[in-house]
Amino acid sequence: TWQLFEYSADLVYLKNVFPRLLAFFDSWFTDAHDRDQDAIPEWDRAIQSGSEEHPYFSYDYRGSAGIDISTVESPDLCSYLYKECQSLISIAKQIDEPESIDRLARIATTLRTTIEGLWSDQQACYLHRDRDSHLFTPAEFLGGLHGSGIVEINSEFEQPIRPMARISTRSEGTPPVQIFIHGSSPTGAHRVEHILPNRIHWHLGSGYVTSEYIYKSIEQIEISGIAKDDEVHVQSACLTFIDRASLLPLWAGIPSTEQAKILINLSLLNKKKYLSPYGLRSYPDLTGTDSMPAELAAMNLPWLSLVLDGVVRYGKRKKAAEIFIRLMKAVIQSTNQDMNFHQSYHS
């Protein structure tokens, strides 16, 4: 809308549409999308982010990690909202809405501070963090069993974790699984979490569920409603991976000049991470692993264009051109072979 106004100078349209854009923006900060009410919203499902087959957040193939994306705060959603906030501020200034300007400026500051807090020196990139603990939690195996029963854990954790379970079944129907997690909250209060069957996401014989809460200690996890040859795997949600969302703060203009240089040189142009023969990998951690389906090696072209905008924004035009040339090699090769353009290309 702001870009359109820069060409049309249609102030009447701008005044008419602003309240509607603002209402849409504000809807992200309601209880439905900002579950812990810390002014940082969460995605509801992976498909909203444009990642229909996300290896960590979707449930669409057997290798999925199956983390509930609503339990994390993501660098891509924060970046989108931050940029949207900047555009709304520009519109509000144009139509003289000082109250909206002040409120949006405060939201923008909160979003920017959050994104800055998602930076990982170790990964030279931005990470997803747990919604409640605000930590980049590593994966930790907690236990497993065959059939209904109790997973004895009896562990206290150095940092709060969010347990999750994956159930593999051979039955054709959906088993009436019920789960009870016995443990304590970060404040030390004893907690028993009851997970009902409708909380479990099923796909091709695999069921995934992520706890709604984080735990400082877990005594045991009780599972019922599955057959004796069904298998249960319990671990903590892993949020130390990097994916295509990890680069979007570059497009939003969040990193300092020095930080952008680190991100571009150590991650974006790193052949062991993102840089590939035909563009950029979407999920660098899975490169070369047998468990990675071919579709996950496909580049999302709108995402790639945003990343290249970010590289140009920080004055690295030649490096952006190098990545674009790699993509065009795939496009030209494909066009020569089958005279078609495609939605995405294998990186």
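That block above? That's the structure.
The rules behind each value
- Residues numbered from 1 in each chain as written.
- Predicted model: local features only at pLDDT ≥ 70, side-chain atom pairs only at ≥ 80, totals over all residues.
- Heavy atoms only, no water.
- Helix = DSSP H or I, 4+ residues; strand = E, 2+ residues; numbered from the N terminus.
- Buried < 20%, exposed > 50% of the residue type's maximum accessible area, 1.4 Å probe, protein only.
- Contact = heavy atoms within 4.5 Å.
- Areas by Shrake-Rupley, 256 points an atom, 1.4 Å probe, with all protein chains shown as cover.
- Lys, Arg positive; Asp, Glu negative; His and termini not counted.
- Charge placed at Lys NZ, Arg CZ, Asp CG, Glu CD.
- Pairing = 2+ DSSP bridges.
- Axes fitted to C-alpha atoms, helices over the stretch in contact; angles between N-to-C directions.

Peer 1: Please set out the overall build of the chain residue by residue, giving values where relevant.
Peer 2: Assigned secondary structure in the chain consists of eight helices and 17 strands. When its C-alpha atoms are laid out on the principal axes, the chain stretches across 65 × 55 × 40 Å. Residues counted as buried form 50% of the 347 residues belonging to the chain. Partitioning the intrachain contacts of the chain with sequence separation of at least 6 by distance along the chain shows that 71% fall at a separation of at least 24. Accessible surface for the chain amounts to roughly 16900 Å². Of this, 51% is attributable to carbon and sulfur atoms. Averaged over its 32 positive side-chain charges, the chain has a centre that lies 9 Å from the centre of its 44 negative ones.

Peer 1: Please provide a residue-by-residue account of the sheet that holds strand 13 (residues 231-236), values included.
Peer 2: An order of 5-13-7-11-10 is seen for the five strands of this open sheet, with the pairing classed as antiparallel. In the strand order of this sheet, the two ends are held by strand 5 (141-146) and strand 10 (201-203), each with one partner. When the angles between neighbouring strand axes are averaged without regard to direction, this sheet yields 15°. Alignment of strand 7 (residues 163-168) against strand 13, held across six bridges, turns out to be antiparallel. When the bridges of strand 13 are listed, R166 appears paired with H233.

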